[in-house]
Amino acid sequence: GEHLRRGVDDRPQTFLAPNRRHGKKIMNCSFQFQMMSDVPGFRLFLRMFSAKVERMFVGLAQLEKEYRELEAATARWLARLAEYDRAGDYALDSHPSTAVALRTVCRMNPGVAKGHVDLARKLESLPAVAESFGRGDMSRAHAAVIARADTPERAAELNNLAPVLVGIAEAH
């Protein structure tokens, strides 16, 4: 097979060559681009493709921004939940605990409600984690993992490691 097939107007139509392993092989990209730039309609194709790639990245950047905002909003909600719990306002609302109040009013699964309350309480003793989570730089999942490690036996050690753990969580 030829490396170049010529169309009716003697311009290159494709740049595929046989390859035993995959059946096709794309030739050198710079050569291909240079040759393809002479193909009628290629510049229009390139402009159309560029717009789609640009929209893809703009869309992805917007998704990332909104996700970080969602995580920050979740952190603010958990901070308010911790205040509600600490103040004992659940009793004023005729509930035996914050988790039951949350479960009832927000229609949550009991385990999910308890998990929110537990995380809200733990974040109060982990200010570096709460700050990072509050900025949206750390996900709820990362904050929860660090919070689960916060036990009375490990509290001092975890406070020393908190900046390192926050850095790792923010990077991932």
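Presented here is an overview of the structure given in this document. (Residues numbered from 1 in each chain as written. Predicted model: local features only at pLDDT ≥ 70, side-chain atom pairs only at ≥ 80, totals over all residues. Heavy atoms only, no water.)

Comments concerning the packing of helix H4 (residues 98–106) against helix H5 (residues 110–124)
Axis angle and axis distance: for two packed helices, these are the angle between their axes and the distance between the axes, and together they describe the pair.
1) Next: Across the interface, H4 lies against H5 with an axial gap of 8 Å and an inter-helix angle of 130°. Here H5 runs oblique to H4, going by the angle between their axes. In this structure, H4 crosses over H5, and the sense of that crossing is right-handed. Counted together, Thr-98, Ala-99, Leu-102 and Arg-103 of H4 and Pro-110, Ala-113, Lys-114, His-116 and Val-117 of H5 form the full contact between these two elements.
2) Next: Grouping the constituent residues of the contact of H4 with H5 by class yields 5 nonpolar, 2 polar and 2 charged. (Axes fitted to C-alpha atoms, helices over the stretch in contact; angles between N-to-C directions. Helix = DSSP H or I, 4+ residues; strand = E, 2+ residues; numbered from the N terminus. Parallel < 35°, antiparallel > 145°, perpendicular 65-115°, else oblique. Left-handed = near helix turned anticlockwise from the far one by under 90°. Contact = heavy atoms within 4.5 Å. Nonpolar A, V, L, I, M, F, W, Y, C, P; charged D, E, K, R; others polar.)

Overview of the side chain of Asp-150
1) Next: If you trace the backbone, Asp-150 turns up in the loop between helix H7 (140–149) and helix H8 (155–171).
2) Next: At 5.1 Å, Lys-122 is the nearest oppositely charged side chain to Asp-150, a buried residue that forms no salt bridge.
3) Next: Among all residues touching Asp-150, those that are not within four sequence positions of it are Lys-122, Ser-125, Leu-126, Ala-155 and Leu-158. (Buried < 20%, exposed > 50% of the residue type's maximum accessible area, 1.4 Å probe, protein only. Lys, Arg positive; Asp, Glu negative; His and termini not counted. Salt bridge = Lys/Arg side-chain N within 4 Å of Asp/Glu carboxyl O.)

Re the pattern of salt bridges
1) Next: Per the counting criterion, the structure on display carries 8 salt bridges.
2) Next: Here Glu-64 ties to Arg-68 by a salt bridge, and the two come within 3.2 Å at their closest N and O atoms. Of this pair, Glu-64 and Arg-68 both sit in helix H2 (residues 42–87), separated by 4 residues, roughly a single helical turn.
3) Next: Accessibility expressed as a relative area gives 31% for Arg-68, which makes it partly exposed.
4) Next: Measuring nitrogen to oxygen at the nearest pair gives 1.8 Å for the salt bridge that ties Arg-86 to Glu-124. Residue Arg-86 is found in helix H2, and its partner Glu-124 is found in helix H5; the two are separated by 38 residues along the sequence.
5) Next: Assessed through its relative accessible area of 52%, Arg-86 is described here as exposed.

A closer look at the packing of helix H6 (residues 127–135) against H8
1) Next: Close contact between H6 and H8 brings their axes to 9 Å; oriented N to C, the two are set at 20°. Put simply, H6 runs roughly parallel to H8. Relative to H8, H6 is oriented so that their crossing is right-handed. Between H6, through Ala-128, Val-129, Ser-132 and Arg-135, and H8, the contact on the second element is made entirely by Ala-162, Val-166 and Glu-170.
2) Next: The residue makeup of the contact of H6 with H8, split by class, is 4 nonpolar, 1 polar and 2 charged.

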